[in-house]
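# Tertiary structure, described
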Amino acid sequence: MRTPALAAAAVLLLGSVILVSPAKLPSYIKPCKRSDPNLNACVFKHGMEALPFIIRGDPKYGIPKLDPLVIEKVVVGDSKVSSSGLGLTFTCNKCRLLGLRDIQPLGVSIDLEKRHLELEGKLPKLQVSGKYTARGKVLILPIEGAGNSDLTITDLHLVYKAEFDLRKGKDGRDHARIKDPSLDFKAGGFNIKLTNLFKGDENLGNQMNLFLNNNWRDVMAEFGPAISEAVTRIATLIVNNVSEKVPFDEYLLNQ
């Protein structure tokens, strides 16, 4: 499934550890040698060591605090012909993601010749909260409301894939840039609570929340791509912004 969860951010974070590092590497990021026959193991080890620092954020290198991570706006568009049967417009403002600090990297694969990167990880729980507006239909039921939204996704398994190329920077040296990123995921559980549905009708609101949770796989299939795209863009922007400052051979030594 194409990643809905902002959990995405999590795996992409590990990507920022691997593919980017500041002009002068900070103490928490150690380089690897391209000639190392165990390059993937080296990158994985150093990524694991650096990840907590990356999660905390580092303004000097253009990395914001990632737990919590705030996304200004996420929109799930009108999807009247979606495969899941949902058709709604849902907007979350000031979406706050909590839980990325608990990302557990499982593996990494870098192909320098094909310039391809894959990262795998899992996340026990990701919580998303914000102010929402909703209008449309979920399966056969109409939905309308504006209030607080709380979403919890559990047992996430994440796989991030991307290509990268090398471009000459102003310093005349090669700098990496990610392109065509994608994030696939599987989730073991999902729970959503929306307040002030149907102009505050508590009975209808409770029934809708129950309905959404009973059909959580369909709901997540609809919400996922929009959230995933937003998080992927943010994470990739961080990676590319930082990589502009740091030559490729500073973190993957040409030896």
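Check the entry above for the structure.
Residues numbered from 1 in each chain as written. Predicted model: local features only at pLDDT ≥ 70, side-chain atom pairs only at ≥ 80, totals over all residues. Heavy atoms only, no water.

## Examining the state of the cysteines
Heads up, the condition is: Any cysteine sulfur atom paired with another within 2.5 Å is treated as part of a disulfide. Think of it in three bands: residues with accessible area under 20% of the maximum for their type are buried, residues over 50% are exposed, and the middle band is partly exposed, with areas taken using a 1.4 Å probe on protein chains only.
One pass over the structure, following the stated rule, counts 2 disulfides. Two residues share a disulfide in this structure: Cys92 and Cys95, whose sulfurs sit 2.0 Å from each other. Each member of the pair, Cys92 together with Cys95, is buried. When the bonded cysteines of the protein chain are counted from the start of the sequence, the pairing works out to 1-2, 3-4.

## Thoughts on the layout of surface pockets
This is how the line gets drawn: Using a 1 Å grid laid over the protein atoms alone, points where a 1.4 Å probe fits but cannot get out form a cavity; open sets with protein on both sides within 12 Å along at least 5 of 7 lines form a pocket; any residue with an atom within 4 Å of a point counts as lining. Grid points are joined across faces, edges and corners, and a volume is the space filled by probe spheres set on the points. Helix and strand definitions follow DSSP, with helices as H or I runs of at least four residues and strands as E runs of at least two, each counted in order from the N terminus. Think of it as three bins: nonpolar holds Ala, Val, Leu, Ile, Met, Phe, Trp, Tyr, Cys and Pro, charged holds Asp, Glu, Lys and Arg, and polar takes everything else, Gly as well.
Put simply, the largest pocket is a space of about 180 Å³. If you go around the largest pocket, the residues you meet are Arg167, Lys168, Gly169, Lys170, Asp171, His175, Ala176, Arg177, Asn240, Ser243 and Glu244. Breaking the lining of the largest pocket down by element, the ones donating at least two residues are β6 (141-168), β7 (174-186) and α4 (216-243). With 3 residues, the top contributor of residues to the lining of the largest pocket is β7. Each residue belonging to the lining of the largest pocket can be placed in one class, and the counts come to 1 nonpolar, 4 polar and 6 charged.

## As for the pairing of strand β4 (residues 104-111)
Selection criterion: DSSP bridges decide pairing: two strands pair if at least two such bridges lie between them.
Strand direction decides the pairing type here: β4 and strand β5 (residues 116-138), joined by 7 bridges, are antiparallel. Looking at the pairing, Gln104 lines up with Lys122 of β5. Hairpin connection of β4 to β5: 4 residues between the antiparallel strands, including Arg115 at a positive phi of 55°.

## Notes on the nonpolar core
Selection rule: Residues belong to a common nonpolar core when they are buried Ala, Val, Leu, Ile, Met, Phe, Trp, Tyr or Cys residues joined through side-chain atoms within 4.5 Å. Contacts are assigned to residue pairs with any non-hydrogen atoms lying within 4.5 Å of each other.
Among the nonpolar cores identified, the biggest contains 67 residues, and Phe90, Leu156, Phe190 and Leu194 are the most heavily contacted of them. The element contributing the most residues to this core is α4, with 9 residues. For Leu194, the residues in contact, after removing those within four places along its chain, are Phe90, Tyr132, Ile143, Asn148, Ser149, Asn209 and Leu212.

## So, the pattern of salt bridges
Spelled out, the test is: Salt bridge, as applied in this entry: a Lys or Arg side-chain nitrogen positioned within 4 Å of an Asp or Glu carboxyl oxygen.
The final tally for this structure, using the stated rule, is 10 salt bridges. Where Glu49 meets Lys30, a salt bridge forms, and the shortest distance between an N and an O atom there is 3.9 Å. Taken together, the positions of Glu49 in helix α2 (residues 39-56) and Lys30 in the loop between α1 (7-19) and β1 (32-33) put the pair 19 residues apart, joining distant regions of the chain. Classification of Glu49 as partly exposed rests on a relative accessible area of 32%. The closest approach of N and O atoms between Glu244 and Arg177, which form a salt bridge, is 3.5 Å. Within this pair, whereas Glu244 is found in the loop between α4 and β9 (252-253), its partner Arg177 is found in strand β7, the two being separated by 67 residues in sequence. Residue classification places Arg177 among the partly exposed positions, given a relative accessible area of 27%. Put simply, Lys30, Lys45 and Glu49 are held in one network by salt bridges that share partners.

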